[in-house]
Every structure is written in C-alpha cells, then in structure tokens.
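A structural walkthrough
Here is how the chains run, residue by residue.
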Amino acid sequence: MSDAALEEVSVLSSIYCGEGEFQLIQQSAQDGLVVRINSTVGGERGLDVRLLFHLQPSYPSCPPAISISSTALSRTQCHNIRQTLLDQAAALPPEPMVHQLVEWLQQRVELTEKFRGGEEEVKEREGEEEWTAVLSLDHIRSRSRYIGLLERWSRTLQLTGSLLLGQSILVVLQGARPNIKEFCRLLKTVKVDVDSSGKKCKERMMRVLIESPLSSSCGNGLQGFVVKNYESLPELAAAFQEINMTELYQQILPSLRD
C-alpha cells in the first residue's frame, strides 16, 4: 500500500477522534486498508450514517470502494447516496480523498433532504426484504487466509453467511443486496487465494448461482458466518435444511450437477 494511504489513515484517526467515529478495520499489503467513519451528514438536520472506505493497494491512483449504511435510511436510499459519492470520487484528482468525500457529503443538505424518509418511507423500510445469494467458488488452497477474508467481509458488510466445503464450494449470503454485490466485487478484485504454483490470485471463477429476495418460505436460518464441510449431496441438502433453505437448494441443484 502507498505511503500516502497510510498517512491519510493517520490523519483521519486524528480528525475523527470522537468515541466510535473512526475505526481501522483492515490493513494488509495485499488487500489495502478498510476504514469506517461514523458521521452526521446534511447540516443541522443531518442523518447519522456509517461510511466504509476500502483503499486498495493502488489507492490513491484509483478511487476507494465505498459502502454506506444508516438506520435512518432504506437500503435503496443508502445505495443511491453511495452512487452519488462514488461519482464524486471519480471526478476528483488521484490524491488522498476520504476526508474530502466525507466533508462533501456532510455539506450536501439537499442530498440528505432528498433521501430523508417520511412516514410512508419508514413503513417501506420496515417491510423491506432481505436478499439471499448463493455463490460458487472455484477453489480454496490457502484455507486460513481465504476463510478469514470471507468472515471479515461478511462482518464488515453486515451479512450473515455460510461457507459449505465439499465437491462444490458454496457461499450462502443474506443481507442488503448492495452489500452482497460488494462482497462479490471484493472476491473478484482482491487476491484471496493462491494458484497451483503458489502465487497469490483473485477469485475470477466465482459464479452467482442465485440471487433474489428472501422468500417467506425460506426462513432466516443464518447466524454470523459458519464454515461447514459436507461429503455428499444428501449432506449438502441437510446443510441447507438446517438453515431453512431447502427450497433454495432445489433451485441450485441443477447447477451443481453440471
């Protein structure tokens, strides 16, 4: 990672020094830095939001990846604000920009007013469905590193999940759809494993087998992030049954038999 990124993180920790304002979640030469900033945006009538910035090793030559969550906004509203912030980041010169982005968002009163929820929007948020996805991974050679990253990403992105290890390697995820998409993006852009020659590699062969709103017939049986081994399709079916997702298993079964 660049010296500029390290220096910026040090400065950010000094600026956002209030209780719970700043947290360095990840730091590694291979994957870069992940920082979380809790802030109020939009002036006096602002909204409390949690901003997650992933500074990849090439940062600041490339903009940071950004995630946004807020108890005051729906997932769709968070996604729209996130996209606006990404557009702003793309327009800035390739220099350290996290503090500038946070300040820009803090001052965008009209943006937060636009997305501030009324009574009907609150009801919409309360009725908003969880999404579920099943991913297929190609291989896991560096087991401890790979699983450690999956667990960390799921925790950071507020996803629950299960890693099922057998003839097929599956990841079952539940949570906000934008966060599931960010999880998939990380899989394809971060060097999570090693190839057959021992060189670090990305998960370019990852496939999304299914992604849909969690139906009423599929209960929320996932808690945290669980790793489970299986040796046969009946054992895999039992694993899905344990998390109340038998219907989901039936939908992906043809893909597993290909």
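Everything below is about the structure printed above this text.
Not measured: the values here are computed from a predicted model.

1. Focus: the packing of aromatic side chains
Within this structure, the stated rule accounts for 2 aromatic pairs. Judged by centre distance (5.5 Å) and plane angle (40°), the ring pair of Phe240 and Tyr249 falls under tilted. We classify Phe240 as buried; its relative accessible area is 0%.

2. Here we look at the pairing of strand β6 (residues 160-165)
Summarising burial for β6: 5 of the 6 residues are buried, a large majority. As defined by bridge partners, β6 adjoins strand β7 (residues 169-175) across 5 bridges and the pair is classed as antiparallel. Bridging from a neighbouring strand, Leu163 pairs with Val171 of β7. Two successive antiparallel strands, β6 and β7, enclose a turn made up of 3 residues. Alignment of β6 against strand β11 (residues 225-229), held across 5 bridges, turns out to be parallel. When the bridges of β11 are listed, Leu165 appears paired with Asn229.

Reading guide: rules and limits
- Residues numbered from 1 in each chain as written.
- Predicted model: local features only at pLDDT ≥ 70, side-chain atom pairs only at ≥ 80, totals over all residues.
- Heavy atoms only, no water.
- Phe/Tyr/Trp six-rings, centres within 6.5 Å; stacked < 30°, edge-to-face > 60°.
- Buried < 20%, exposed > 50% of the residue type's maximum accessible area, 1.4 Å probe, protein only.
- Helix = DSSP H or I, 4+ residues; strand = E, 2+ residues; numbered from the N terminus.
- Pairing = 2+ DSSP bridges.

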